[in-house]
Structure formats: structure tokens, C-alpha cells
Amino acid sequence: RMHFDSLNIDISAYVELHNNLFEAKINNLSAKELFSEFKLNKLSAETKLSPEIIQTEKLTAITENNEFFVECTISNYDVFGTGGNDKIENAVFDIEAFANDVDDEEIHNFAQIPIEINEIDEVYLKADGTLNKLKVSDANVNSNNSEFNFDVLVENLIDFENFSYT
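Conventions and cut-offs
- Residues numbered from 1 in each chain as written.
- Predicted model: local features only at pLDDT ≥ 70, side-chain atom pairs only at ≥ 80, totals over all residues.
- Heavy atoms only, no water.
- Pairing = 2+ DSSP bridges.
- Helix = DSSP H or I, 4+ residues; strand = E, 2+ residues; numbered from the N terminus.
- Salt bridge = Lys/Arg side-chain N within 4 Å of Asp/Glu carboxyl O.
- Buried < 20%, exposed > 50% of the residue type's maximum accessible area, 1.4 Å probe, protein only.
- Patch = residues over 30% accessible without salt bridge, like charges linked within 9 Å, V, L, I, M, F, W, Y side chains within 5 Å.
- Areas by Shrake-Rupley, 256 points an atom, 1.4 Å probe, with all protein chains shown as cover.
- Lys, Arg positive; Asp, Glu negative; His and termini not counted.
- Charge placed at Lys NZ, Arg CZ, Asp CG, Glu CD.

Draft legend 1. Expanded view of the pairing of strand S3 (residues 39-49). In this structure, strand S2 (residues 21-33) lies alongside S3, joined through eight bridges in antiparallel fashion. Along S3, the bridge assignment pairs lysine 32 with lysine 39. Counted between consecutive antiparallel strands, the loop separating S2 from S3 contains five residues, among which glutamate 37 sits at a positive phi close to 65°. Between S3 and the antiparallel strand that follows it, strand S4 (residues 53-63), lie three residues.

What follows is the structure, given as C-alpha cells:
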């Protein structure tokens, strides 16, 4: 739960209620969280939500210390439950993400992660699959003078007792 000291939004939308189609172009969203003082300088994206697809294109998020760029498509899942594909475990994800100058203090505002990140210059990853089998390929992390490249298969993301990665 977040409490905002300031929130500014510039958004345009297209809606077809009878078809459960929602499209939005977020030109700019900026905010400052009251207690942590986390500051989102800019968020922009083009989004689409329908019974066939959940899609975010050209997502750019800029904070005081980080820049994130994301493209994400979720198919084979009907968030409205009208088309029979209402099981999230069958959803197919296609994600591409890039970040500059990752600062773990800002990440901890949203999620506690069990590792310390410290001075990561760039992160890139591409992931596709389902929450039961998500393949992260072409992952690249540049930190100080080190570079890590890896692929990983993450299994059972929504079944914590059987969660694994290889």
C-alpha cells in the first residue's frame, strides 16, 4: 500500500465496454510516495487489455536513480473470465526488459529481495513461457567491471513448494 504526497497523470484512453477492450496511452505519470519519499519522475507506456491479450509496449519508468524499459505481452489468458481462458497458469508471457543504473534501495520500496545488488550498470533479459515454465534467455548483467550472461528456466512460479530454477 502506498500513500502519495503528489501524483500527476497525463493519459488518454479508448474503451469498448461491450467488447471488454481497454487501451491507454500513458503520456506521463509522476508521483512521490509520502513515507519512503520514493519518487517516480516519469512513467509512460502504451497498454491494451482485452479478453485475448494484456499488452504493455514502450513502457519507460524513470526514478531518481533508475531507468527501466519494458515490453510485455500476456496471451492465452482472459482477465475478464468471459472466453474460457481464465486460468493464469495457462497464460503465455513474452517479456523483454532493460534497466540502467539499478539501485537496490528503490527496488526495496516494492519488494524485499534476498540479495544485495550494488551498482549494476545495465540489466537486460528476455523471458517467455508460462508461470509453470518460464525461460529467461539472453540475460545480461553488467556490474562495475564484470559481465554476466546466462539463461535460466524457472518452474512453478505460482507453486512455491515446487518452485525451481536451472
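Further notes follow.
Draft legend 2. Examining the pattern of salt bridges more closely. Going through the model one piece at a time under the given rule, you end up with three salt bridges. Of the charged contacts, one joins glutamate 46 and lysine 58 as a salt bridge, the two residues approaching to 3.6 Å between their closest N and O atoms. With glutamate 46 in strand S3 and lysine 58 in strand S4, this residue pair connects regions lying 12 residues apart in the sequence. On the basis of relative accessibility, which here comes to 52%, the residue lysine 58 falls in the exposed class. Glutamate 155 is the salt-bridge partner of lysine 133, the closest N and O atoms lying 3.7 Å from each other. Here lysine 133, found in strand S8 (residues 133-143), pairs with glutamate 155, found in strand S9 (residues 146-155); they are 22 residues apart in sequence, far enough to count as distant. We classify lysine 133 as partly exposed; its relative accessible area is 48%.

Draft legend 3. How the structure looks around a negative patch on the surface. Where like charges cluster on the molecular surface, the negative patch consists of Glu57, Glu71, Glu96, Asp138 and Asp151. With respect to the element layout, aspartate 151 can be found in strand S9. By relative accessible area, aspartate 151 is classed as exposed at 51%.

Worth remembering: the numbers are spatial, not functional.
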